[in-house]
Each structure stands twice: as C-alpha cells, then as structure tokens.
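One letter stands for each residue in the lines below.
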Amino acid sequence: MDRRTVLRATVVGGAAFSGSLWAGAALAAPAQPGPGPYGGLLAADANGIHLPAGFSSRVIARSGQRVAGTSYVWHWAPDGGACFPAGDGWIYVSNSEVPLIGGASAVRFRADGSIATAYRILGGTNVNCAGGATPWGTWLSCEEVPLGRVFETWPDGSRSAEERTRMGRFTHEAAACDPDRRVIYLTEDESDGCFYRFVPDTWGDLRTGQVQVLCAPANATSGPVTWQNIPDRDGFPIPTRWQVGAAKHFDGGEGCWYDRGICWFTTKGDNRVWAYDAVNQRIDLAYDDSLVPAGTAPLTGVDNITGTAGGDLYVAEDGGNMEVCVITPAGVVAPFLRINGQSSSEITGPAFSPDGSRLYFSSQRGTSGNSTGSGGITYEVTGPFRR
C-alpha cells in the first residue's frame, strides 16, 4: 500500500476531531475537510482574490514599486512576515527571499489603516525566508541557505539589526517564541531537516544560549519526544541535522507558530501540520493530506502558518491552488481565500494586525511568476475575523 492508504487506515473511519482541537494532551485526529466558518468563497474581486462574504482586499505594495504615499521601493520576493503594535497604529514586516541583498522591510500603518511610511530594517543578508516575532517586540529574520543565520531586527527601525549566530547555522526557515518555557522553536527547510529549540541563557537576550534538537523514533507521527544538545551549533563541517543520532527528521520544515502550550509547524514535503505539545513533550499531527478522503484535500503545499487568539490556524500554500486555508479548533480545514491567476507563485507571510481585524500576506512572484520575485504583491484582507 502507498503512504496515503497506510496512513488513512490509522484514522478510524476518517474521524474528525472530537471536541476542541487544542484541548488535552493529544489530538483526537488530524483535521478533516468541511464547511469553513465564513462560508464559501465568492467570485474574485478586483485584486483577483476570492474571499467569503463580508471580506475585502487591497494591495499594500508591489515589488520594485514605491509603497503608496511613501518614497520607499518595496523589496522583491516578499516572504515571511509579522505585525507589531506601534503607538496607535501597527507595523507589518516582510522578509525578502533573494540572494545576497535579502533582508527585510516594514510598512507602518496609522490607526485608521492608512500607510504612514515604509522603510528597510535589514539588508545585505542572504535569502531571508521566514522568521518569527519575539515577545519583546523584535523580528527574527532567518536565512534559508546552508549555514544560514538568524538576525534580530527592530520593526520601528530604531536599531540596526544584529546577527544571532548562537541560534545555530543551518537552512533556517521559521521561528516561534515560547514565553512559558523561555525557548524559541526553529524549523529547517531540508528534506531531512530537524526541529530545534534555542534555550537562551537569559530570556530576552539571544546572544548566548544552547541549541537543542527534537528526538523521537524516525517514523513517529505521534508520541513522546525528548531534546538533546547540538554539539556544534556552527554546523561545519558536520551539519547540525546530522550531529545527533536520535534526532527526528522532517520533510522540509516551513512555518512555525506558538500558542498556549502548542507549537504548530508545517512540513511541505509531506503536506503536514504538526503540533508539538510543549507541556507534555509530545508530537501529533494536526493535518495530513494523506489522512483525508482521496481527492478532497483542501490544503496542499503547506508553508507559512499563523493563528488567532480564538485558536484558528491559517496556513498558506506554496503552489497548490494558491489558497490560505483555515484549520478551526473543531478540527475542520477549509479554504479561507484563493488568489486567482497566479499559479506560478506562492503565498507567504500571513500575519494579523494586533487587533485581529486585518490579515496581511504576499504572493511572492505575483502574476509574472518570475523566479526572482520581481512581481511580488503584498495584500491586506479586512473583515469579520473570528477573534
């Protein structure tokens, strides 16, 4: 039997979640397709975005063009992003996944949602893919190259970015802070990548600390895990993912999001959303396209992930049919939006404004599909989000 058949057989009757997805030590079963909380998608709007009733979109920035109302030219290949409070408004930061100049930019919004300014917060780095926000208000921008680095940046531009090589040198993807255990989880975009955590010596100071790797049986999709120290965080000559024999390998680590004791992370090679239960130190599957009825998977090409205070997860597709899908606490996965006419692109950087009323994301290559990301588009969706 193929992987899909074997895995589906482990879910009795293809059962959906019972009760709350996020409650308890383990998940009842991976999410199943069903009606989304906002209803079906309507015809594409003027921006080519299919949305549920009550939602609207606008274009915030286009790669190679000035951000409206500013003199700042938006970067190519927009990727991972996050929002930060800023006075009576907020800031959206976005990485640039291009070689050598990479870095990250920011757009500052006024309280009414209008754009106040845009500017660079990091430059001269290499293929900045995803990252993560810290509880102290900085953005961790990660390089997706072998021996890649993490840079801590200040969204308001008040300080120059600082390299955080103590967080490990590997093909970084995303980061998520766990303020309860005072660690930062890190994904690795390799077909045999690992899931790491950085334990800083002092919480809030990322200059020193220990990198650890998650350890579990090779084929485990649920059950207890342990953590072991990485002997050489610099990853040379032996890459970090090969230094600990008991390390569990994941097929292309992507997005990462922490919320109330659970760190959710995605793997693109097998279209999975994982749940690491930090309280009970175990892993489970929150979604797997092999564990839904054949031909019904609404979510493929899993990539960046974010969440809401109400517990909904939003997962962006790299490819697939260019959707952002929602996974609800009731265990239902459904499309929330779809981008029309951009099949050669990918959706990146989903992040909610601090009040949860606006969702930001990018189409990395836009309608051009250009591999350089010169056609990138960054969007905002406004509407009655569940909070």
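Check the entry above for the structure.
Below is a summary of the structure that appears in this document. (Residues numbered from 1 in each chain as written. Predicted model: local features only at pLDDT ≥ 70, side-chain atom pairs only at ≥ 80, totals over all residues. Heavy atoms only, no water.)

1. Digging into the overall build of the protein
Now for step 1: Along its length, the protein carries 1 helix and 28 strands.
Now for step 2: Its C-alpha atoms give the protein a radius of gyration of 19 Å, near enough to 21 Å, the size a compact globule of 387 residues would have.
Now for step 3: Oriented by its inertia axes, the alpha-carbon framework of the protein measures out at about 55 × 50 × 35 Å.
Now for step 4: Looking at the protein as a whole, 58% of its 387 residues are labelled buried.
Now for step 5: The contacts in the protein between residues at least 6 apart in sequence include a share of 51% that link residues at least 24 apart.
Now for step 6: In the protein, which carries 30 positive and 39 negative side-chain charges, the distance between the mean positions of the two groups comes to 3 Å. (Helix = DSSP H or I, 4+ residues; strand = E, 2+ residues; numbered from the N terminus. Rg over C-alpha atoms; globule rule 2.2 N^0.38 Å. Buried < 20%, exposed > 50% of the residue type's maximum accessible area, 1.4 Å probe, protein only. Contact = heavy atoms within 4.5 Å. Lys, Arg positive; Asp, Glu negative; His and termini not counted. Charge placed at Lys NZ, Arg CZ, Asp CG, Glu CD.)

2. Here we look at the pattern of salt bridges
Now for step 1: Enumeration over the complete set of coordinates arrives at 22 salt bridges.
Now for step 2: Its salt-bridge partner being K268, residue E254 comes within 3.2 Å of it at the nearest N-O pair. Pair noted here: E254 is in strand β18 (residues 253–259) and K268 is in the loop between β19 (262–267) and β20 (272–277), with a separation of 14 residues, a long-range link.
Now for step 3: A salt bridge links E380 to R358; its shortest N-O distance comes to 3.3 Å. (Salt bridge = Lys/Arg side-chain N within 4 Å of Asp/Glu carboxyl O.)

3. Brief notes about the nonpolar core
Now for step 1: With 21 residues, the main nonpolar core has Y185, F195, L214, C256, C263, F265 and Y276 as its most contacted residues.
Now for step 2: Contributing elements (two or more residues each) for this core: β12 (172–178), β13 (183–188), β18, β19, β20 and β21 (282–288).
Now for step 3: Residues I49, L337, F361 and F385 belong to the second largest nonpolar core, which totals 20 residues. (Core = buried A, V, L, I, M, F, W, Y, C linked by side-chain atoms within 4.5 Å.)

4. Some points on the sheet that holds β20
Now for step 1: One open sheet accounts for 5 strands, arranged β16-β21-β20-β19-β18; its pairing is antiparallel. The outermost strands of the open sheet, each flanked by one partner alone, are β16 (223–224) and β18.
Now for step 2: The pairing of β19 with β20 spans 6 bridges and is antiparallel. The partner of C263 across the bridge, within β20, is Y276. (Pairing = 2+ DSSP bridges.)

5. Some points on the environment of Y92
Now for step 1: Relative to the assigned elements, Y92 resides in strand β5 (residues 89–96).
Now for step 2: Of the residues examined, Y92 reaches a relative accessible area of 1% and is grouped as buried.
Now for step 3: Taking the C-alpha atoms as reference points, Y92 and F352, 260 residues apart in sequence, are found 8.9 Å from one another.
Now for step 4: There is a polar contact of 2.7 Å between the side chain of Y92 and the backbone oxygen of G349. (Polar contact = N/O pair within 3.5 Å; in protein donor to acceptor, adjacent residues only side chain to side chain.)

6. What to know about the packing of aromatic side chains
The relative placement of two aromatic rings is captured by the distance of their centres and the angle of their planes.
Now for step 1: Following the criterion strictly, the structure yields 27 aromatic pairs and no others.
Now for step 2: For the pair Y38 and F55, a centre-to-centre distance of 5.0 Å together with 80 degrees between the ring planes defines the contact as edge-to-face. Separated by 17 residues along the polypeptide, Y38 in the loop between β1 (32–33) and β2 (49–50) and F55 in the loop between β2 and β3 (56–62) bring together distant segments of the chain. In this structure, Y38 and F55 share a single accessibility class: buried.
Now for step 3: Three or more aromatic residues joined by ring pairs make a cluster, and in this case those are Y185, F195, W227, F250, Y258, F265, W274 and Y276. (Phe/Tyr/Trp six-rings, centres within 6.5 Å; stacked < 30°, edge-to-face > 60°.)

7. What about the sheet that holds strand β6 (residues 104–109)?
Now for step 1: With antiparallel pairing, 4 strands are arranged side by side in an open sheet as β4-β5-β6-β7. Every interior strand has two partners, whereas the edge strands, β4 (78–86) and β7 (115–122), have only one. On average, adjacent strands in this sheet sit at an angle of 20 degrees to one another, irrespective of strand direction.
Now for step 2: Where β4 lies against β5, 7 bridges are found, and the strand directions are antiparallel. Within β5, the residue paired with A86 across the bridge is G89. (Axes fitted to C-alpha atoms, helices over the stretch in contact; angles between N-to-C directions.)

8. What to know about the side chain of S362
Now for step 1: As for its position among the elements, S362 is in strand β27 (residues 358–363).
Now for step 2: Looking at S362, its side chain comes within polar contact range of the side chain of T378, at 2.7 Å.
Now for step 3: If near-sequence neighbours (up to four positions away) are discounted, S362 is found in contact with P78, Y92, E346, I347, T348, I377 and T378.

9. Details of the side chain of E143
Now for step 1: Here E143 lies in strand β9 (residues 139–143).
Now for step 2: Within the structure, E143 has its side chain in polar contact with the side chain of R149 (distance 2.9 Å).

10. Some words on unusual backbone geometry
Now for step 1: The peptide bond linking F236 to P237 adopts the cis configuration, its omega dihedral lying at 5 degrees.
Now for step 2: In this fold, P237 is placed in the loop between β17 (226–229) and β18.
Now for step 3: The phi dihedral of L100 falls on the positive side, at around 65 degrees, and the residue is not glycine.
Now for step 4: Residue L100 is classed as exposed on the basis of its relative accessible area of 66%.
Now for step 5: Residues other than glycine seldom take positive phi values, yet L147 does so here, at roughly 60 degrees.

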